[in-house]
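As a plain string of letters, each chain reads:
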Amino acid sequence: MLPELPPLPALTRAEAELIDRYLEAVDLLGRINPARDGDTYRGLRAAQALVGKARALRDALALMHQRGETELHAATLARALRVLDGERRAARVALPPESVG
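These figures come from a predicted structure and were not determined experimentally.

## A closer look at the overall build of the chain
Point 1. The helix and strand tally for the chain stands at four helices and zero strands.
Point 2. In the chain, the order of α-helices and β-strands from amino to carboxyl end is α-α-α-α.
Point 3. For the chain, contacts bridging at least 24 residues in sequence account for 82% of all contacts bridging at least 6.
Point 4. Of the side-chain charges in the chain, 15 are positive and 14 negative, and the distance between the mean point of each set is 5 Å.

## Thoughts on the nonpolar core
Point 1. One finds Ala-14, Leu-18, Ile-19, Leu-23, Leu-57, Ala-60, Met-64, Leu-77 and Ala-80 forming the largest nonpolar core, which totals nine residues.
Point 2. For this core, the secondary-structure elements that each account for two or more residues are α1 (13-32), α2 (40-66) and α3 (74-83).
Point 3. Of the residues forming this core, the biggest block, four residues, is contributed by α1.

## Quick look at α3
Point 1. When we look at burial in α3, the residues that qualify are Leu-77, Ala-80 and Val-83. All buried residues of α3 lie within an arc of 120 degrees about the axis, which places them on one face of the element. Among the exposed residues of α3, those oriented more than 90 degrees off its buried face are Ala-74, Ala-75 and Arg-82.
Point 2. Those residues of α3 that are buried are in contact with α1.
Point 3. In the stretch just after α3, Asp-85 is the one whose phi turns positive, near 65 degrees.

## A word on the environment of Pro-7
Point 1. On the secondary structure map, Pro-7 appears in the segment before α1.
Point 2. Under the relative-accessibility criterion, Pro-7 is labelled exposed at 70%.

Rules of the game
- Residues numbered from 1 in each chain as written.
- Predicted model: local features only at pLDDT ≥ 70, side-chain atom pairs only at ≥ 80, totals over all residues.
- Heavy atoms only, no water.
- Helix = DSSP H or I, 4+ residues; strand = E, 2+ residues; numbered from the N terminus.
- Contact = heavy atoms within 4.5 Å.
- Lys, Arg positive; Asp, Glu negative; His and termini not counted.
- Charge placed at Lys NZ, Arg CZ, Asp CG, Glu CD.
- Core = buried A, V, L, I, M, F, W, Y, C linked by side-chain atoms within 4.5 Å.
- Buried < 20%, exposed > 50% of the residue type's maximum accessible area, 1.4 Å probe, protein only.
- Arc of directions from axis to C-beta.

This is the structure:
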């Protein structure tokens, strides 16, 4: 049984789109990270997909700007990212801890 997650904060449709596209890009960057184990084919496929996801992320931000949503409400968006497991997903982009030995 899955743990009960806190509810997502209230987001505009454009903010929700931004969060979704951002996390998709982060997931792909995590697969490309050369400091993590994996094969080159997996990284290549993720890099190819990243082009489209980056475009979608740009479009989500452009839509927000066009609609007059000119400010990012960091606290609200960070809460949404946490509910959607953004901390774990973004950690895959960072360098893993150095092995001692």
